[in-house]
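Spelled out from the first residue to the last, the chains are:
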Amino acid sequence: MKLEFNIEGGNFSRAGHASSEVKKMLKQLGIDARCIKSIVIALYEGEVNVVAHAYEGRILVQMEPHKITTEIMDKGPGIADIELAMQEGYSTASKAVREMGFGAGMGLANMKKNTDELTIESTVGEGTTVKMVNYF
């Protein structure tokens, strides 16, 4: 089963739409609640990162019998130092984003904590691709 979602940069009212849809699907499939929670947390963090930092993005979700693979691809400024960006509390979010309650610097760290496999590729000035795999 495959799902695809588009993300509009700056549109915080839609942040969380994809993760909500994936959560519904996983519940219907009878996936363990702890697994669902981890998948949804990681996906939500990814969505918010795209909304907060990029111009636009796309999420591809691939369901297989014993795993879910999620790819989040954005067009945006990219990440200059992925290792630094992975540190809890590190943030490049604007003041406006922080005033809305986002941008605490936990997004990538929470994604890593809630996935079995995480890879990040980024090109400054072009965008970022995050791939997450969770096994059930």
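Everything that follows concerns the structure shown earlier in this document.
Computed from a prediction, not measured in an experiment: that's the story for all the values here.

Asker: Go over the overall build of the protein with me, naming the residues and quoting the values.
Answerer: A count of helical and extended segments in the protein gives five helices and five strands. Sequence-ordered secondary structure for the protein, helices as α and strands as β, is β-α-α-β-β-α-α-α-β-β. In summary, the protein has a C-alpha radius of gyration of 14 Å against a globular reference of 14 Å for 136 residues, a match within 12%. Considered along the principal axes of its C-alpha atoms, the protein spans approximately 40 × 30 × 25 Å. Here the protein holds 136 residues, and the buried ones make up 40% of them. The long-range fraction of contacts in the protein, counting pairs at least 24 apart against all pairs at least 6 apart in sequence, stands at 61%. Accessible area of the protein: about 7700 Å², with a carbon and sulfur share of 49%. Put simply, the protein has 15 plus and 18 minus side-chain charges, and the middle of one group is 6 Å from the middle of the other.

Asker: How would you summarise the sheet that holds strand β3 (residues 67-75) if you had to cite specific residues and measurements?
Answerer: Across the sheet, five strands lie side by side as β1-β2-β3-β5-β4; this open sheet has antiparallel pairing. Two strands close off the open sheet at either side, each with one partner strand: β1 (2-8) and β4 (117-123). Taken over all neighbouring pairs, the strand axes of this sheet differ in orientation by 10° on average, direction set aside. Running over the sheet, helix α1 (residues 17-28) touches β1, β2 (56-64) and β3 and is turned about 160° from β1. The strands touched by helix α2 (residues 33-53) are β1, β2, β3 and β5 (127-135); relative to β3, the strand with the most contacts, the crossing angle is about 5°.

Asker: Run through α1, naming residues and quoting values.
Answerer: Along an α-helix, residues three or four positions apart point the same way, because every turn accommodates 3.6 residues. Its 12 residues give α1 an end-to-end C-alpha distance of 17 Å, which sits within 8% of 16 Å, the value for a rise of 1.5 Å per residue. Packing partners of the buried residues in α1 comprise β1, α2, β2 and β3. Looking one or two places after α1, you find G30, whose phi comes out positive at around 75°.

Conventions we followed
- Residues numbered from 1 in each chain as written.
- Predicted model: local features only at pLDDT ≥ 70, side-chain atom pairs only at ≥ 80, totals over all residues.
- Heavy atoms only, no water.
- Helix = DSSP H or I, 4+ residues; strand = E, 2+ residues; numbered from the N terminus.
- Rg over C-alpha atoms; globule rule 2.2 N^0.38 Å.
- Buried < 20%, exposed > 50% of the residue type's maximum accessible area, 1.4 Å probe, protein only.
- Contact = heavy atoms within 4.5 Å.
- Areas by Shrake-Rupley, 256 points an atom, 1.4 Å probe, with all protein chains shown as cover.
- Lys, Arg positive; Asp, Glu negative; His and termini not counted.
- Charge placed at Lys NZ, Arg CZ, Asp CG, Glu CD.
- Pairing = 2+ DSSP bridges.
- Axes fitted to C-alpha atoms, helices over the stretch in contact; angles between N-to-C directions.
- Expected span 1.5 Å × (residues − 1).

Note that all results are geometric; they support no functional claim without further evidence.
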